[in-house]
Amino acid sequence: MFSMMEAARLEALHLAEDPASGLKAVIAIHNTRFGPALGGCRYLPYADEQSAIGDAIRLAQGMSYKAALAGIDHGGGKAVIIRPPHLQSRAALFEAFGRFIETLNGRYITAIDSGTSSADMDCIAQYTNHATSTTSEGDPSPHTALGVFAGIRATAQARLGSDDLEGLRVAIQGLGNVGFALAEALHAAGVELLVSDLDAGRVQLAVEQLGAHPIASDALLTTPCDILAPCGLGGVLNAQTVAHLRCAAVAGAANNQLASPEVADQLEARGILYAPDYVLNAGGLIYVALRHRGEELPAITAHLAQISRRLTEVYAHAQAEKRSPARVADYLAESLLYRT
């Protein structure tokens, strides 16, 4: 466990168990240089505790990089709750988690993530002020999608010479809250949509409402398109899948799209422009951070413009240095987080 923390440069790792509610939780705090750690809470089944801990550490590091480049006064953290096979009361579990967060005295602020909802955050908020994306604060997903949409325009400008998306073919993998909102924005911009999702109902909805073309999940990554937008779970880009991509750029909302850092170099070698995911999908983080401190929507929307500017900066550095944008983004984030 300590070797995992050292490799990720993690500040702290907290574990909690509450037999009465069934809570088994991990909170990873990666970096608090710029403020308290902020990051979502995942509620998923895990094969074992080690997998849950590894997920929390990896995601917390990504949140630090995301927060640093987004220019908000927060560090990165992540919580993982291991979903039990049998649960008597979901509310009781999340209330217990709220009591756990309160013991950290503000060093970590939680938010919704995979498997959790605003209703869960309401339960947590009964016992701590260090929770955001509650029902009253709203769902960050539309703002994540707005940021990704702006980033796709910046990516089209950098790779295709214009930020006009009309007539482009964009393949979206994953039609969850963010993926579907992104599809709606792209459709309004005149994009031809290719979509896949394990939920056939979501695909059908995109076909009916957005004129999207359904593609089998195992075929989407090899389907010709201008921009591939991974919007599901991470790790979809590996040595095997990248070798068969037929796109000019990859720009999507999913976290941790690269199975390993070397995959970024493989994309670069193939001439496929990669939008670093934690730069592109920072809209949700910006929204929950600013809403938590009481900012109104106009100020939040204005801050979302930071995503496009930062991404353009990353692309300019990458082109000048003949390096992958992913390597450049990591360097810029680490320069902010670890400079002396």
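Because the structure is predicted, anything quoted here is derived from the model rather than measured.

What counts and what doesn't
Residues numbered from 1 in each chain as written. Predicted model: local features only at pLDDT ≥ 70, side-chain atom pairs only at ≥ 80, totals over all residues. Heavy atoms only, no water. Domains from an automatic or database assignment. Contact = heavy atoms within 4.5 Å. Buried area = accessible area lost by both parts, 1.4 Å probe. Buried < 20%, exposed > 50% of the residue type's maximum accessible area, 1.4 Å probe, protein only. Helix = DSSP H or I, 4+ residues; strand = E, 2+ residues; numbered from the N terminus. Arc of directions from axis to C-beta. 1 Å grid on protein atoms, 1.4 Å probe; cavity = no way out; pocket = protein on both sides within 12 Å on 5 of 7 lines; lining within 4 Å. Points joined across faces, edges and corners; volume = space filled by probe spheres on them.

**Digging into the domain arrangement of the protein chain**
Right, so step 1: Domain annotation of the protein chain identifies domain 1 (1–62 + 75–126) and domain 2 (140–338).
Right, so step 2: Averaged C-alpha coordinates put domain 1 and domain 2 at centres separated by 26 Å.
Right, so step 3: Taken together, the contacts link 13 residues of domain 1 with 11 residues of domain 2.
Right, so step 4: When domain 1 packs against domain 2, close to 1,100 Å² is buried across both sides, 61% of that on carbon and sulfur atoms.

**Let's talk about helix H9 (residues 261–269)**
Given 3.6 residues per turn, any residue in an α-helix points the same way as the ones three and four places further on.
Right, so step 1: Val263, Ala264 and Leu267 are the residues of H9 that are buried. The buried residues of H9 occupy an angular sector of 105° when projected down its axis, which confines them to one face.
Right, so step 2: Each element contacted by the buried residues of H9 is listed here: helix H8 (239–243), strand E10 (249–250), strand E11 (273–274) and helix H13 (325–338).
Right, so step 3: In the segment just after H9, glycine 271 is the residue with positive phi, at about 75°.

**Points about the layout of surface pockets**
Right, so step 1: Space inside the largest pocket adds up to approximately 1,200 Å³.
Right, so step 2: Two domains each donate at least three residues to the lining of the largest pocket, and these are domain 1 (1–62 + 75–126) and domain 2 (140–338).
Right, so step 3: When its volume is computed, the second largest pocket comes out at roughly 610 Å³.
Right, so step 4: Listed by contribution, the elements that provide at least two residues to the lining of the second largest pocket are helix H2 (49–70), H9, helix H10 (277–280) and H13.
Right, so step 5: It is H2 that provides the largest number of residues to the lining of the second largest pocket, a total of 7 residues.
Right, so step 6: Taken domain by domain, the lining of the second largest pocket gets at least three of its residues from each of domain 1 (1–62 + 75–126) and domain 2 (140–338).

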